[in-house]
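# What the coordinates show
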Amino acid sequence: MSDYSHLRGHRFPGGTYTLPAHICWLWTDAAKLTPDPRIAHPGLIYLVAIRGAGVSIQDIFDLMDATADSGVVFGEYKADIHGTLRPDATYECEGEVISVERKSGRRAGVFDKLSFQVTIREQGGSDPVAVTTNDWIFPRKGEEA
Amino acid sequence: MARKLEVGQALDPFVIDSVDPEPMKVMAAILDDPNPIHFDVEATKALGMGDHPVNQGPTNVTWLLESVQRFAGGPDKVRAFSVRFLGNVFGGDRFEVTGEVTAVDDAAGEAELALSATSGGRPALGGTARIALD
């Protein structure tokens, strides 16, 4: 059985991410909502966290030895929000894996739950704009609980 | 002046009548998400997930948060949220977010909301949010 618990504490590269105004517009438009040129939709917190933490979705798949077509899904996503995101503003992010747990469910079968947390600060700011926690579910068909 | 809310007060339902598969391709590009279930129907078929592409989780969350911020009075009023992903949202589904106030703390100037979303009549999201009253 593969064990990924050693990933706890694994730090993402971190860094800065400038949230492009056109990405704010495209994201909001793709969701069939009306873009606001002054404030980014809070849905974009997810993107800033991933980009700013310096990881791609594929990077996280690689950490867990998963492929893009292995049926990885979101489990839970939460955020404490202390400010709004602005188009074209730059954010500093740091993130790390906070847990990996092997679980099983009647419907889902055997799976690993990876949890990671990312803190977002506006560049030069000390207080977080948001702190996010993501749980991703990695199916482990054929493996033992 | 702080807004007055009452426990049990309902949010206006937020509805997408039919989830459009085309914007999933834009979101896959923005997210740099290689998972083909979002843009290649053959992949969803191969995984036994049916013959419609799967909407991205961040889009579903964006809709849930849109419902919250409309009720709260703007994105600056959203203080926290937690979302559980209960099921897939497929292209062509009718997606609906509903919610209600579960607690009001006038001293803190905040209220708690319970939220749920269905897609094609199936549970899609469950969650909570905390909003500012002023």
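Analysis parameters
- Residues numbered from 1 in each chain as written.
- Chains lettered and ligands numbered in written order.
- Predicted model: local features only at pLDDT ≥ 70, side-chain atom pairs only at ≥ 80, totals over all residues.
- Contact = placed C-beta atoms within 7 Å.
- Helix = DSSP H or I, 4+ residues; strand = E, 2+ residues; numbered from the N terminus.
- Nonpolar A, V, L, I, M, F, W, Y, C, P; charged D, E, K, R; others polar.
- Pairing = 2+ DSSP bridges.
- Buried ≥ 20, exposed ≤ 12 C-beta atoms within 10 Å, placed from the backbone.

## A few points about the interface of chain A and chain B
The interface is formed by 30 residues belonging to chain A together with 32 residues belonging to chain B. Of all elements in the fold, only helix 1 (21–30), helix 2 (45–52), helix 3 (57–63) and strand 2 (73–81) of chain A reach the threshold of two or more residues within the side of chain A that touches chain B. No other element matches strand 2 of chain A, which puts nine residues into the side of chain A that touches chain B. Classifying every residue of the side of chain A that touches chain B gives 18 nonpolar, seven polar and five charged. Bridge count between strand 2 of chain A and strand 2 (residues 78–85) of chain B: five bridges; the pairing is antiparallel.

## Observations regarding the environment of Q56 of chain B
Residues and elements named next belong to chain B. Along the chain, Q56 falls in the loop between helix 2 (41–46) and helix 3 (57–72). Look at Q56 and you get buried, because 25 C-beta atoms sit within 10 Å. Sequence separation between Q56 and G92 is 36 residues; the distance between their C-alpha atoms is 14 Å. In contact with Q56, not counting residues within four places along its chain, are M24, M27, L31, D33 and H38.

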